[in-house]
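# Working through the structure, step by step
One-letter residues, chain by chain:
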Amino acid sequence: MKTAVITDIHGNREALKRILEDIESRGIKRIICLGDIVAKGIHNHDCVQLVKEKCDIAIAGNCDEYFSRDALKAESGRERKLIEAYQATMEKEDIEWLASLPYCHEESINGRLVRMFHAGPDSLSNDESNTLYASPNKRFRMFEAGRYTISKETADIVIFGHVHIQTMTRLYNRTLICCGSVGNPLDIIRNPEKDGSVSNTAEAQYLIMEDHAGTQTFSFVQVPYDIEKELIEGKDFFEYEQLSYELRNAAYRRNEKIRAILTRDGISFDQI
Ligand SMILES: [Fe+2]
């Protein structure tokens, strides 16, 4: 049994189409999506349609929840305009479907509890903690039950998205996996004097989970796609500059925000 786990598509139709082709070419029949299907990117309606059509299970990300809210209830004019701008890239049914998505999926594989969510057991955005670089204690929180989890057990394997960085780490006999990002892959720790090729990161990313006769495999996949083709229709898009910067450079538009959180948590790096 093979399952493809995809996440953080962010309206990138070209990247999503390429990974769906890749998944099909490998004969994988089951796809789970961990959210952030929309926002940041241009082709939000098409991405919702493709996920609805192709994925067996889909759960919500922070962007899906935020951009399916009632814009009239936004806390500020700026927020309302932003929600309206992204809702204009979708159909009414897309928005309703995004608002209906659950927050967690759990299954048992070889007697191990595999828990999947977008960012954390208690939050869709989890931006107060730094999942990948935090202390073991903070990272252990990712395995524990929280208000969004289905069972009250501590998970053996947690699979998530949100940070857009393809990573697997182990602690306390448990495995923590971020699938990366289909449509907005990033590396946060950057330094022009040390950076490798941007193409090492900027390709569409996903995870294959395989359960075969009692053995378990997790594989990271990177699929090249045509970034310029994705951007070509977006010249008039209101966030084109930020979007094209992120896709071409695999760098977050507000890296200083992440750097400040890391620094606060005592994690420093020599970014220039
Ligand atoms: Fe995301």
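Residues numbered from 1 in each chain as written. Predicted model: local features only at pLDDT ≥ 70, side-chain atom pairs only at ≥ 80, totals over all residues.

### With respect to the sheet that holds strand 1 (residues 2–6)
Strand-to-strand pairing in sheets goes through backbone hydrogen bonds, with the strands running parallel or antiparallel. Strand order in this open sheet of five strands is 3-2-1-9-10, and the pairing throughout is mixed. Where the open sheet ends on each side, the last strands, each with one partner, are strand 3 (57–58) and strand 10 (215–223). Direction of pairing for strand 1 relative to strand 2 (residues 30–33): parallel, over a ladder of four bridges. Pairing of Val5 across the sheet is with Ile32, part of strand 2. (Pairing = 2+ DSSP bridges. Helix = DSSP H or I, 4+ residues; strand = E, 2+ residues; numbered from the N terminus.)

### Brief notes about the sheet that holds strand 5 (residues 112–117)
The strand order 4-5-6-8-7 describes an open sheet built from five strands, whose pairing is mixed. Taken across any chain shown, the strands that pair with only one partner, and hence form the sheet edges, are strand 4 (104–109) and strand 7 (166–171). Each strand of the sheet is rotated relative to its neighbour by a mean of 15 degrees, with strand direction disregarded. With four bridges connecting them, strand 6 (residues 157–160) and strand 8 (residues 174–179) associate as parallel partners. (Axes fitted to C-alpha atoms, helices over the stretch in contact; angles between N-to-C directions.)

### Quick look at unusual backbone geometry
In this structure, His162 takes a positive phi of about 70 degrees despite not being glycine. Note that His162 resides in the loop between strand 6 and strand 7. Accessibility expressed as a C-beta count within 10 Å gives 26 for His162, which makes it buried. Positive phi, normally seen in glycine, also occurs at Ala213, with a value near 45 degrees. Note that Ala213 resides in the loop between strand 9 (204–212) and strand 10. Using a count of 4 C-beta atoms within 10 Å as the deciding quantity, one classes Ala213 as exposed. (Buried ≥ 20, exposed ≤ 12 C-beta atoms within 10 Å, placed from the backbone.)

### A short note on the pairing of strand 4
Alignment of strand 4 against strand 5, held across six bridges, turns out to be antiparallel. Across the sheet, Glu107 pairs through a bridge with Val114, a residue of strand 5. A loop of two residues connects strand 4 with strand 5, the two strands running antiparallel in sequence, and Asn110 in this loop sits at a positive phi of about 50 degrees.

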